[in-house]
Amino acid sequence: MPMEPPPDLASLSLADIARLAGTQRLPPVDQWHPTHCGNSDMRIARDGTWFHQGSPIGRQEMVRLFSTILRREPAGGYVLVTPVEKLDIVVEDAPFVAVEMKAEGDGRDAKLAFRLKTGDLVTAGPDHPLRFVQLDDGPHPYLHVRGGLEALVVRSVYYEIAERALSGEDDPAGVWSNGAFFALEPVA
């Protein structure tokens, strides 16, 4: 059965986004513990492009499918896992990329929802925190997606977050979402 294309975030209310996110059914990868089978010859580039044997995977449906069986191992590596096999996958930065944000409300009442490049929808909050890391090339914002997997927030969306943070009255500057506060100050 083909996967449906991701919805247009701008056309959805945050209530719609929460409903859609709640209906996303993912395989129970945390319950699968097959024998390690080797390397998948796959890589996720920093921009969220998936590669197999050095070539980009052009079918977005395949990328979305593979993303549902991605797991972060306790030692920090990434694997693609099914009930019968486990294969290593190289992740250059974060396995997901947040490409769009929708905000409703202000201050403590704000909610920030993100659409990932894979089409997944995630609302920042206590279960999906935002964090900011300072690197040599500037701040890198990340959104927790699930099971230790994060999304790198693209620069244009980071600027939207920073604008909200700097226009608020919080000290330190930061943003609220679903009752949780996320300071803009990067963690070294």
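Refer to the structure presented above.
Model, not experiment: these values are computed from the prediction.

## Quick word on the sheet that holds strand β9 (residues 121–123)
Here's step 1: Pairing within the open sheet is mixed, and its six strands lie in the order β9-β8-β7-β12-β11-β10. Every other strand in the sheet has two partners, leaving β9 and β10 (130–135) as the edge strands with one partner each. Taken pair by pair, the neighbouring strands of this sheet meet at an average axis angle of 40 degrees, ignoring direction.
Here's step 2: With six bridges connecting them, strand β7 (residues 96–104) and strand β8 (residues 111–116) associate as antiparallel partners. By the bridge assignment for β8, Glu104 is matched with Lys111.
Here's step 3: Set on the sheet, helix α3 (residues 155–167) makes contact with β7, β8, β10, β11 (138–146) and β12 (149–153); between it and β7 the angle comes to about 35 degrees.

## Brief notes about α3
Working note: α-helix, 3.6 residues per turn, so residues spaced by three or four point in the same direction.
Here's step 1: Between its first and last C-alpha atoms α3 spans 18 Å; for 13 residues at 1.5 Å apiece the expected length is 18 Å, and the two agree.
Here's step 2: Turning to α3, its buried residues are Val157, Tyr158, Ile161, Ala162 and Ala165. With its buried residues spanning 145 degrees around the axis, α3 presents them on a single face. Away from its buried face by more than 90 degrees, α3 exposes Tyr159, Glu163, Leu166 and Ser167.
Here's step 3: On the buried face of α3, the contacting elements are β7, β8, β10, β11, β12 and β13 (174–177).

## Some points on helix α2 (residues 60–67)
Here's step 1: Restricting attention to buried positions, one finds in α2 the residues Val63, Arg64 and Ser67. Angular distribution of buried residues about the axis of α2 spans 100 degrees; they occupy a single face of the element.

## What to know about the environment of Glu150
Here's step 1: With respect to the element layout, Glu150 can be found in strand β12.
Here's step 2: Linking Glu150 and Phe96, residues 54 residues apart in sequence, is a C-alpha distance of 6.1 Å.
Here's step 3: Setting aside anything within four residues of it in sequence, one finds Glu150 in contact with Ala94, Pro95, Phe96, Arg131, Tyr142, Leu143, His144 and Val145.
Here's step 4: Within the structure, Glu150 has its side chain in polar contact with the side chain of Arg131 (distance 2.7 Å).

## Notes on the sheet that holds strand β2 (residues 50–52)
Here's step 1: Strand order across the open sheet formed by six strands is β3-β2-β1-β6-β5-β4, with mixed pairing between neighbours. Looking at the sheet topology across the chains shown, the edges are occupied by β3 (55–56) and β4 (70–72).
Here's step 2: As paired strands, strand β5 (residues 78–81) and strand β6 (residues 86–91) are joined by four bridges and run antiparallel to one another. Bridge pairing in β6 links Val79 to Asp88.

The rules behind these values
- Residues numbered from 1 in each chain as written.
- Predicted model: local features only at pLDDT ≥ 70, side-chain atom pairs only at ≥ 80, totals over all residues.
- Heavy atoms only, no water.
- Pairing = 2+ DSSP bridges.
- Helix = DSSP H or I, 4+ residues; strand = E, 2+ residues; numbered from the N terminus.
- Axes fitted to C-alpha atoms, helices over the stretch in contact; angles between N-to-C directions.
- Contact = heavy atoms within 4.5 Å.
- Expected span 1.5 Å × (residues − 1).
- Buried < 20%, exposed > 50% of the residue type's maximum accessible area, 1.4 Å probe, protein only.
- Arc of directions from axis to C-beta.
- Polar contact = N/O pair within 3.5 Å; in protein donor to acceptor, adjacent residues only side chain to side chain.

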